[in-house]
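# Residue-level structure breakdown
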Amino acid sequence: MALIFKWLLRLATGVSVLALAAVVLIWYFASRSLPDYDGTYAVSGISAPVEIVRDNADVPHIFGETDADVFFALGYAHAQDRLWQMTMLRRTVQGRLSELFGERTFRIDNLMRRLDLYGLAVSSVAAQDAPTTTALDAYSAGVNAWLAEINAGSRGRGAPEMWIFNAAIAPWQPADSIAILKLLALQLSGQANDEVLRARTSLMVSPERLADIMPDDPTSGIAALPEYSALVGDVPHYAANTSGPRDPLSPVQPTNLAGASNAWAAGITRSATGSTLLASDPHLQLTAPTVWYLARLELDSGGVIGGTIPGLPVILSGRSADLGWGITTAYVDDQDVHIEEVNPDNPNQYRTPDGWKDFATRDSIVAIKGTAARTLTLRWTDNGPVLPGDTFNLGTVTPPGHVTSLSWTALTGDDPSLSAAIAMMKSRTIEEAIAAAEPYVAPAQNLTLADRTDIALKTIGHIPARDPNHQSKGRLPSYGYAPENRWQGRMPYADNPEFIEPEGGIVGNTNNKTVERPFPGHVSYNWGDTQRISRWRRLMQSRQVHTRDSFIEAQLDTVSFTARALLPLMGADLWFTGEAAADGTPERRRQIALTLLANWNGEMNEHLPEPLIYAAWLRALQDRLIRDELGPLATEFTHVDPVFVERVFRDVDGAAVWCDVIQSAPVETCTDIARLALDDALVWIGETWGQNLETVRWGDAHQATHDHPTLGTVPILQWFVNIRQSTSGGDNTLMRGQTIGTGPDPFLNVHAAGYRGVYDFADPDSSVFVTATGQSGHFLSRYYDNLGELWRRGEYIPMSLDPDLARAAALGTMILQPENLSKTP
């Protein structure tokens, strides 16, 4: 027995030693790709030495003799810190994910090949102006210089993920950067999704009830639409969702997550500082690392600092010494779905206003890891590419003998958007910036501007010109062969919404409706916000003048206008009306919940129970209102539309009919449904978070999910690469934390401000910014999440263009020298 025990002990010791050795070995190889931020390196592609100073937050401050050298160094820094992220963005837009991930990502690649965004980016290289061409060439050379350093210096393949997904990295090309901007346009576009959902819903409810469940912005009045079946015949009353669960790698966002942001500015008359102020917080899907990367560039036109996206040689939101700019998704109706009739005698033809015409076709081979490659036959019509039925659920609204195509402003091979962005970044005044942005195509954005004396807001990007007789006004899929449904070019740039030096001294946008215009000059019917704008307006008008701190306070505001508006309606006949009830009974829990909500001010604070009770109640309420009318389609409405709930409880145009369960004999009132929904919510809270309502926390349910897109679901590894944080805010607060809306944890925060910046032009170097995670994409780096806790707490880091300040606490300084100069290790 002693001998057996001795050998078991030896075996256990040996296994432990081997396990420890394996961990050390894995750490060693993974850590090899951690970059050095100090030293001098000889590189090819620059004309003179370039200095990259990393401040104490790991933000690179880049100084060079020429703009080309500065863009070279930006590419070098991006590749150092975010190489895996950059290659994944490129693979996504190229439709080449399946080479690494196999069958799992074939549907993504199928869509990307059919959209052909990368091919259009290649064609668009020739559309760039000379300065942008120089910047793209230099940036690409900088990325490739770091790739050369990886190959020469055994730097762990450039990123730890490369050890798991071992594939050669192709040199960076100018088209790669243009393609990433087009990919961003896809991530921010939700109009096609909305068209299809509207069509599916119209097949199940009357036009009047469709105006309830998918309402217009209430400030424009409610207009009933024709039934989809009247426009396009022979479609099923209901067809199940064909898109399947969303893959974290998919660039197509669900309807409610397609885009959101805040930006506002105050002019001199509304500023206590004597100059202008600007706040910007663009919202995107939360990931680890965040898509944003902070950088400062010293260009011939002066210094610029702000948020970049790795792969793009431009600061998308930031400031110079003279000009600040912020971006918000404009929600332009820049997509139309067309139903294309296929020739029954020749499947290679489709119907046009002039008769049958051959599809433009091309074969494309998709390599798939672990199985045989597949050949796709790509098809295009005059209206755009033909898309598969599982994209946007197009198959659910496509009649037999037809296919669907997509018109979209981003589908152009003559796209100078990146040139416009770079020219705007170099502008010194509002007038220069607006003029520079004219060639910009997509994604359409509201550009908020502030120079030292004035402020402005301008919608940039192409807005389609539609025929006034368009059958669905672009709100439902329509026949592509009807001339009135086809686009007629674009609206003039001068017609894009524009507000310069407003009389009130403040401009801003929360994705809300910007203009009230009749179709076809309407810009959009589907706006991104009807709620945050009310809270923003109150905060802006509650002060005669503003400061940097008041702008920060507004940017971090977590009071829900929606909760304040809806709770009095939902609980109107429930407050303090219950009879005495024993502890632990459903009636007693309902009374406790109502008492908590009655004394709540609407603040979606992570430490409070009231936000969770309110959010769960509202979610259960909408489900009870729509489940009987929409059946399984109700699951597609993953987020509550506050305008719908308000219409129902105020009985606008008979909307209270939604409260009656049509399958039951009794006639239910809205009070009945509100009570039942509250009970549903309390049962769910009890089962999920505990029975004691006073101790549950909103932040436990509303965790920010900064998940790694590729490794975030891998057991064990997910604990190292994912970042989870308890957060305040909600779907309709200015500090927006959009919830996922599905699954067992519907209130997870998945879409928020990955970048925040506030700029004060009375003292520009007092400006501040922050991102949601950190600068590095390497999970072993201390800069992987160094900014995350600041972001969670609502704190910022300095945003100064002072070189001495950057150097004073620099964590490292890198010198890039031309190859003909000596290299110092």
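Residues numbered from 1 in each chain as written. Predicted model: local features only at pLDDT ≥ 70, side-chain atom pairs only at ≥ 80, totals over all residues. Heavy atoms only, no water.

## Points about the state of the cysteines
A disulfide bridge is the covalent bond that connects two cysteines by way of their sulfur atoms. This structure, assessed with the given rule, holds 1 disulfide. Across the disulfide, Cys-659 is cross-linked to Cys-670 (sulfur-sulfur distance 2.0 Å). Where Cys-659 bonds to Cys-670 through sulfur, the torsion about that S-S bond is close to 95 degrees, and the disulfide is right-handed. Here Cys-670 lies in helix α20 (residues 670–689) and Cys-659 lies in the loop between α19 (642–650) and α20, a separation of 11 residues in the sequence. The two residues Cys-659 and Cys-670 agree in class, both being buried. (Disulfide = S-S within 2.5 Å. Helix = DSSP H or I, 4+ residues; strand = E, 2+ residues; numbered from the N terminus. Buried < 20%, exposed > 50% of the residue type's maximum accessible area, 1.4 Å probe, protein only.)

## Quick look at the side chain of Arg-486
Summarising the element assignment, Arg-486 is placed in the loop between β19 (478–479) and β20 (498–500). At 2.8 Å, the side chain of Arg-486 forms a polar contact with the backbone oxygen of Gly-480. (Polar contact = N/O pair within 3.5 Å; in protein donor to acceptor, adjacent residues only side chain to side chain.)

## Some points on the sheet that holds β19
Sheet architecture is open: 4 strands sit in the order β15-β16-β10-β19, paired in mixed fashion. Two strands in the sheet have a free side with no partner beyond their single neighbour: β15 (386–387) and β19. Here strand β10 (residues 335–341) runs beside strand β16 (residues 402–408); their pairing, made up of 7 bridges, is antiparallel. Pairing of Glu-340 across the sheet is with Val-403, part of β16. Relative to β10, helix α9 (residues 191–202) is tilted by about 55 degrees, and along the sheet it contacts β10 and β16. (Pairing = 2+ DSSP bridges. Contact = heavy atoms within 4.5 Å. Axes fitted to C-alpha atoms, helices over the stretch in contact; angles between N-to-C directions.)

## A few points about the environment of Asn-166
Here Asn-166 is to be found in the loop between α7 (161–164) and α8 (174–187). For Asn-166, a relative accessible area of 56% gives the class exposed. Each C-alpha atom, one on Asn-166 and one on Leu-100, is 8.2 Å from the other, the two residues being 66 residues apart in sequence.

## Quick notes on unusual backbone geometry
Put simply, Ala-288 and Pro-289 share a cis peptide bond, and its omega is 0 degrees. That bond from Phe-519 to Pro-520 is cis: its omega, 10 degrees, falls within 30 degrees of zero. One can find Pro-520 in the loop between β21 (506–509) and α14 (532–541). A positive phi angle is found at Val-523, which is not glycine, with a value near 75 degrees. Following the sequence through the fold, Val-523 ends up in the loop between β21 and α14. The buried category is assigned to Val-523, whose relative accessible area is 2%.

## Some words on the packing of helix α18 (residues 610–630) against α19
Remark: α18 packs on α19, axes separated minimally by 11 Å, with the N-to-C direction vectors making an angle of 65 degrees. The angle between the axes of α18 and α19 places the two elements in the roughly perpendicular class. Here the hand of the crossing between α18 and α19 comes out left-handed. Here Leu-618, Leu-621, Gln-622, Leu-625 and Ile-626 of α18 lie close against α19, whose contacting residues are Phe-644, Val-645, Val-648 and Phe-649. Taken together, the residues of the contact of α18 with α19 sort by class into 8 nonpolar, 1 polar and no charged. (Parallel < 35°, antiparallel > 145°, perpendicular 65-115°, else oblique. Left-handed = near helix turned anticlockwise from the far one by under 90°. Nonpolar A, V, L, I, M, F, W, Y, C, P; charged D, E, K, R; others polar.)

## Examining the sheet that holds strand β17 (residues 445–451)
Strand order in the open sheet formed by 11 strands is β1-β29-β2-β3-β6-β7-β8-β9-β17-β18-β20, and the pairing between neighbours is mixed. Of all the strands in the sheet, the pair left with one neighbour each is β1 (39–43) and β20. Across this sheet, the average inter-strand angle for adjacent strands is 15 degrees, counted without regard to direction. In the sheet, β1 pairs with strand β29 (residues 812–818) via 5 bridges, with the strands oriented parallel. Bridging across to β29, Tyr-41 finds its partner in Leu-816.

## Describing the confidence of the model for the protein
Per-chain confidence: the protein averages 92 in pLDDT, with 93% of residues scoring 70 or above. Within the model, pLDDT remains below 50 along residues 220–228, and this stretch shows 28 contacts once partners closer than five positions in the same chain are excluded. (pLDDT = per-residue confidence, 0-100.)

## Some points on α20
For α20, with 20 residues, the first-to-last C-alpha span of 27 Å sits near the 28 Å given by 1.5 Å per residue. For α20, the complete set of buried residues consists of Cys-670, Thr-671, Ile-673, Ala-674, Ala-677, Leu-678, Asp-679, Ala-681, Leu-682, Ile-685 and Gly-686. Tucked inside the fold, the buried residues of α20 contact α16 (561–570), α17 (586–598), α18 and α19. Of the residues flanking the end of α20, it is Gly-690, one or two places downstream, whose phi is positive at about 115 degrees. (Expected span 1.5 Å × (residues − 1).)

## With respect to the pattern of salt bridges
Evaluation of the coordinates by the stated rule reveals 46 salt bridges. Linking Asp-194 and Arg-198 is a salt bridge whose minimum nitrogen-to-oxygen distance equals 3.6 Å. Of the two residues, Asp-194 and Arg-198 both sit in helix α9, 4 residues apart, roughly one turn of that helix. The salt bridge involving Arg-548 is made with Asp-549; its shortest N-O contact spans 3.3 Å. (Salt bridge = Lys/Arg side-chain N within 4 Å of Asp/Glu carboxyl O.)

## Brief notes about the pairing of β17
Burial analysis of β17 places 7 of its 7 residues in the buried class, the great majority of the element. By the alternation rule, side chains of β17 split into Gln-445, Leu-447, Leu-449 and Asp-451 and Asn-446, Thr-448 and Ala-450, which are all buried. Strand direction decides the pairing type here: strand β9 (residues 323–329) and β17, joined by 7 bridges, are antiparallel. When the bridges of β17 are listed, Thr-329 appears paired with Gln-445. As paired strands, β17 and strand β18 (residues 455–460) are joined by 6 bridges and run antiparallel to one another. Bridge pairing in β18 places Thr-448 opposite Leu-457. Connecting β17 to the antiparallel partner β18 that follows it, the hairpin turn spans 3 residues.

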